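These are the residues of each chain, in order.
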Amino acid sequence: MEPANQADSPKQHAPQAQPLAGQHALVTGGNRGIGAAIAEELVRLGVNLTLAARDRESLNRRRERLSQIGPSAISTQVMDLTDPESIAQSHKAARDDLGPITILINNAGVAPSAPLGKLELKSWKETFAINVQAAFLLSQAVLPGMQDKGFGRIVNIASTAGLRGYPFVAGYVASKHALVGLTRAMALELAKAPITVNAVCPGYTETEIALNAIANIQKSGKTEAEARAILTRSNPQGRLVQPEEVAATVAWLCLPSSCAVTGQSVAVAGGEVM
Ligand code: NDP
């Protein structure tokens, strides 16, 4: 079957060192953790990059580090994903700086934990605002530019919590299931655009989120090693996933040659879900 649009045809893309040169990628939460690893991988593939998060200093530090990798233009935007106005303004500033965004990585997320009876509505709403609503708003904002360019990649960083349940993180699990649902609906709606929309679903990954979870478990009197063992026992490989492993999957989904892969939820979790 022929690809929907010749601009996105795999036949036109011989392997090259920087297959994403000329694309403009926006990575939310690109200042640290998984987002920073994704940003680094995308810069290696040649993108011009916008990093967005709330903390200006860590954004600037990350830009310094990334600028040593290659000649990509790198912009930073302070963006509060709980605030639709902040999203709209920062998106406009990013587009004015480096042109329309053709690769959107909805990576930023929060994972508050509490037993169901103690989970506050404020926390539930904030989790949904950052983990789902922001992905929806940013996707809506970038679509016209992707459609004009005839190329678009949206990758939503969900979680194995988007594919199965876990106790004590009901808001997080519900929001990540919603993000997977949004991914599937958008993939179908945009299939002929041609814009691909996929979710990447990491298992516990060695970043602040996982380290906080280890610290929380330690509060119940466990040692660091015991807490780590509890966190890693859901992963058949018995270890935390590394941010670079998630980034490699995201980068693959962004390649022009991945144009037939859309609507998928790719687990990077050592076999935890299958
Ligand atoms: P971190 O806690 O290390 O980083 C979270 C990122 O989100 C930061 O860059 C933070 O930047 C940004 N962020 C948080 N709140 C906001 C906000 N209101 N507005 C803008 N940015 C915000 O997380 P990870 O790197 O571990 O996680 C990245 C993604 O991967 C998340 O969606 C997470 O759910 C998912 N994931 C993580 C797993 C793990 O075990 N680590 C497992 C499965 C999925 P700043 O504070 O500067 O705003």
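This is a predicted model, so every value here is computed, not measured.

Here we come to helix H8 (residues 243-254). The end-to-end C-alpha distance of H8, which contains 12 residues, comes to 17 Å, matching closely the 16 Å that a straight helix rising 1.5 Å per residue would cover. Buried-residue contacts for H8 involve helix H1 (33-44), strand S4 (103-106), strand S5 (152-157), strand S6 (195-202) and strand S7 (265-268).

Extensive coverage of strand S2 (residues 48-53) is indicated by the burial of 5 of its 6 residues. The pairing of strand S1 (residues 24-28) with S2 spans 5 bridges and is classified as parallel. Bridge assignment links Leu-26 to a residue of S2, and that residue is Thr-50. Considered for its hand, the β-α-β crossover made up of S1, H1 and S2 is right-handed. In this sheet, strand S3 (residues 74-78) lies alongside S2 in parallel orientation, the contact comprising 5 bridges. Within S3, the position partnered with Ala-53 by the bridge is Val-78.

Attention shifts here to the pairing of S5. Among the 6 residues that make up S5, 6 are buried, leaving the element largely enclosed by the rest of the structure. Of the two faces of S5, the one lined by Gly-152, Ile-154 and Asn-156 and the one lined by Arg-153, Val-155 and Ile-157 are each fully buried. The pairing of S4 with S5 spans 4 bridges and is parallel. Counted as the bridge partner of Ile-105 is Val-155 from S5. Note that the unit made of S4, helix H4 (residues 121-149) and S5 has a crossover that is right-handed. Relative to S6, S5 runs parallel, the two sharing 6 bridges. Paired with Asn-156 across the bridge in S6 is Ala-199.

Definitions and limits used
Residues numbered from 1 in each chain as written. Predicted model: local features only at pLDDT ≥ 70, side-chain atom pairs only at ≥ 80, totals over all residues. Heavy atoms only, no water. Helix = DSSP H or I, 4+ residues; strand = E, 2+ residues; numbered from the N terminus. Expected span 1.5 Å × (residues − 1). Contact = heavy atoms within 4.5 Å. Buried < 20%, exposed > 50% of the residue type's maximum accessible area, 1.4 Å probe, protein only. Pairing = 2+ DSSP bridges. Right-handed = clockwise from strand over helix to strand, strands pointing away.

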